[in-house]
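Results of the structural survey
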Amino acid sequence: SGCYTIKRISLPDGITHIGSHAFSGCSSLQKLNIPESVTSFGQYLFMDCTSLKNAGPLGGDYDIEIGFSNEIPEYAFQFFDGLTEIIIPNTITAIHSNAFSACSNLETVVLLDGLTSIGYKSFYGCNNLLSVDLSNFKTSNNNNLRSFFYKSNNLTYIDISNFDTSKVIDMSYF
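Described in the following lines is the structure provided in the data block. (Residues numbered from 1 in each chain as written. Predicted model: local features only at pLDDT ≥ 70, side-chain atom pairs only at ≥ 80, totals over all residues. Heavy atoms only, no water.)

Moving on, we come to the overall build of the protein chain. Helix and strand counts for the protein chain stand at one helix and 13 strands. In the protein chain, the succession of helices and strands from N to C terminus is β-β-β-β-β-β-β-β-β-β-β-β-α-β. A total of 174 residues make up the protein chain; the buried ones form 47% of that total. Contacts spanning at least 24 positions in sequence make up 45% of the contacts within the protein chain whose residues lie at least 6 apart. (Helix = DSSP H or I, 4+ residues; strand = E, 2+ residues; numbered from the N terminus. Buried < 20%, exposed > 50% of the residue type's maximum accessible area, 1.4 Å probe, protein only. Contact = heavy atoms within 4.5 Å.)

The next point concerns the sheet that holds strand 11 (residues 117-118). With parallel pairing, the three strands of this open sheet are ordered in space as 7-9-11. A single partner strand is all that each edge strand has here, and the edge strands are strand 7 (70-72) and strand 11. (Pairing = 2+ DSSP bridges.)

Either a parallel or an antiparallel arrangement is found when strands of a sheet pair, and the pairing is made through backbone hydrogen bonds. The eight strands lie next to each other as 1-3-6-5-8-10-12-13, forming an open sheet whose pairing is parallel. The open sheet has two free edges, formed respectively by strand 1 (8-10) and strand 13 (157-159), since each of these has just one partner strand. For this sheet, the mean inter-axis angle between neighbouring strands, taken without regard to orientation, is 10°. For strand 5 (residues 54-57) and strand 8 (residues 85-88), the ladder comprises two bridges, and the chain directions are parallel. Along strand 8, the bridge assignment pairs Asn54 with Glu85. (Axes fitted to C-alpha atoms, helices over the stretch in contact; angles between N-to-C directions.)

So, about the pairing of strand 10 (residues 108-111). Sheet topology places strand 8 next to strand 10; four bridges connect them, and they run parallel. Note that in strand 10 the partner of Ile88 across the bridge is Leu111. As judged from the three bridges shared by strand 10 and strand 12 (residues 131-133), these two strands associate in the parallel manner. Paired with Thr108 across the bridge in strand 12 is Ser131.

When you line up the elements, Gln78 lands in the loop between strand 7 and strand 8. On the accessibility criterion, Gln78 (9% relative accessible area) is buried. Not counting residues up to four positions away in its chain, the partners in contact with Gln78 are Tyr44, Met47, Asn98, Ala99, Ser101 and Ala102.

Okay, here's the thing in structure tokens:
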């Protein structure tokens, strides 16, 4: 809290952890670079960050540039109401449970090569979510596709063209 006038944050290389609520309340924040050295996160990082609209890989023209690798932990982006689009970089191998739940303005999700696991209710309650590209996502430790987007009731497009459906037990959502 108290960071409501900050517009840009560039984190230094070498930082390895970002604590819970690190950017919460930074309502004027428009640009954030997260370096490759970050290996762990707390929860609720972007609550009330209404000026940040999209996120994607480092070097792109995104409000949040993601350089970290490995995984997006539980609840990391939960309640991030400003987010409208996320492109998950190919350096991310796992999205844990509820990582993006209740991102009420999220409309588009693109998952690039590299992702091998999506947790239960990762995009739970993203009521404005319209489009999800899972074409680069081949398989999952979770065989219930419905659970990824549970209560995201406005989906109009999901691409699962390369998904290994032989392991899927519940596609009733579609």
